[in-house]
Amino acid sequence: MTRGNTIRLDPATIDKMLELPWFSACGQPCRIPNVMAVKNAREALKGISSARWENTFLDYRGDFTTALCLLSIRSQEKPDRQWNPLVDAFKEKCLPTLEPLWQKALEPLGLWEKPVIDDLRFCVLGIVVIDAYKEILETPEFFRRLLAVCQEGHLPCGWKGKKDKGCLLVY
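Residue numbers here run from 1 along each chain, matching the order of that chain's written sequence. Side-chain atom pairs in this predicted model are given and counted only at pLDDT of 80 or more, local residue features only at pLDDT of at least 70, and totals for whole chains, interfaces and linings cover all residues. Note that the side-chain values use all heavy atoms of the structure and ignore hydrogens as well as water.

**Q** Hey, could you run me through helix H2 (residues 41-48) in this one?
**A** For an α-helix, the turn length of 3.6 residues means that residues three or four places apart are oriented alike. Those residues of H2 lying buried are Ala-41, Ala-44, Gly-47 and Ile-48. When H2 is viewed along its axis, its buried side chains cluster within an angular range of 120° and face the same direction. Turned more than 90 degrees off the buried face of H2, the exposed positions are Arg-42 and Lys-46. Looking at the buried side of H2, the elements it contacts are helix H3 (51-73), helix H5 (114-132) and strand E4 (156-160). Here a polar contact means two N or O atoms within 3.5 Å. Within protein one must be a hydrogen donor candidate and the other an acceptor candidate, and residues neighboring in sequence count only if both atoms are side-chain atoms. By definition, any uninterrupted DSSP run of H or I lasting at least four residues is a helix, any uninterrupted run of E lasting at least two residues is a strand, and each is numbered from the N terminus. Between the side-chain oxygen at the start of H2 and the backbone nitrogen of Arg-42 there is a gap of 3.2 Å, and the oxygen is on Asn-40. Throughout, exposure labels follow a simple rule: accessible area from a 1.4 Å probe, protein chains only, divided by the maximum for the residue type, with under 20% read as buried, over 50% as exposed, and the rest as partly exposed. This arc describes the spread of directions from the helix axis toward the C-beta atoms. It only takes one pair of heavy atoms within 4.5 Å for two residues to be counted as in contact.

**Q** So what exactly am I meant to see when it comes to the packing of H3 against helix H6 (residues 141-151) here?
**A** Packed helix pairs are specified by the crossing angle of their axes together with the interaxial distance, meaning the distance between the axes. Axis lines are fitted to C-alpha atoms, over the contacting stretch for helices. Their N-to-C directions set the angle, which ranges from 0 to 180 degrees. It is the contact of H3 with H6, at a shortest axis distance of 9 Å, that shows an interaxial angle of 125°. Classed by the angle they form, the pair H3 and H6 counts as oblique. Counting all contacts with H3, which are made through Trp-53, Thr-56, Phe-57, Tyr-60 and Arg-61, the residues of H6 involved are Phe-142, Phe-143 and Leu-146. Three classes are used, and their members are as follows: Ala, Val, Leu, Ile, Met, Phe, Trp, Tyr, Cys and Pro are nonpolar, Asp, Glu, Lys and Arg are charged, and the others, Gly among them, are polar. Across the contact of H3 with H6, the residue classes tally to six nonpolar, one polar and one charged. Angle categories are assigned with fixed cut-offs, so that under 35 degrees is roughly parallel, over 145 is roughly antiparallel, 65 to 115 is roughly perpendicular, and the rest are oblique.

**Q** Can you walk me through the packing of aromatic side chains in this structure?
**A** Between two aromatic rings, the relevant description is the distance of the centres plus the angle of the planes. Two aromatic rings from Phe, Tyr or Trp, using only the six-membered ring of Trp, form a pair when their centres are within 6.5 Å; if the ring planes differ by under 30 degrees the pair is stacked, by over 60 it is edge-to-face, and anything between is tilted. With the rule as written, the count across this model stands at 14 aromatic pairs. With a centroid separation of 6.1 Å and 20° between ring planes, the pair formed by Trp-83 and Tyr-133 is classed as stacked. Of this pair, Trp-83 sits in helix H4 (residues 83-106) while Tyr-133 sits in the loop between H5 and H6, placing them 50 residues apart in sequence. The burial state of Trp-83 is the same as that of Tyr-133; both residues are buried. Put simply, the rings of Trp-53, Phe-57, Tyr-60, Phe-122, Phe-142, Phe-143 and Trp-159 touch in pairs and so form one group of aromatic residues.

Structural data, given as structure tokens:
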């Protein structure tokens, strides 16, 4: 969300994150297209810990930040320079409220573990920060799908296949 030349986290997006049914559908079928459900918590943890998942996420985020930098080259406002303050704002204002919600939902599933927590922080940070730029740069389908997975109560937990022809794994 922009105010003048300043990009800010969208309060509506933050509110949406706080109201999500975090992980309430883990282990159930997922109705989102181009998404494949894993069978159990062990498979979810394996996917979250995989280099393929990390690299795919970083590739998609890198595509976005590249587009943002190209936009900044053509703009006097330099929106790419606001990325780090947005990350700091997310960590300061959102994570302290989200993490207890995640813990409450993940502990009964046996998934309140460091790799899962770190991945959630990184994924949700990406969704929220990229969303802040939506007025100047379209939110990529990958991040819209991640949000949809969370909204359905599933845990994004990996990637199967190559970046452009694969599918998101969820629990």
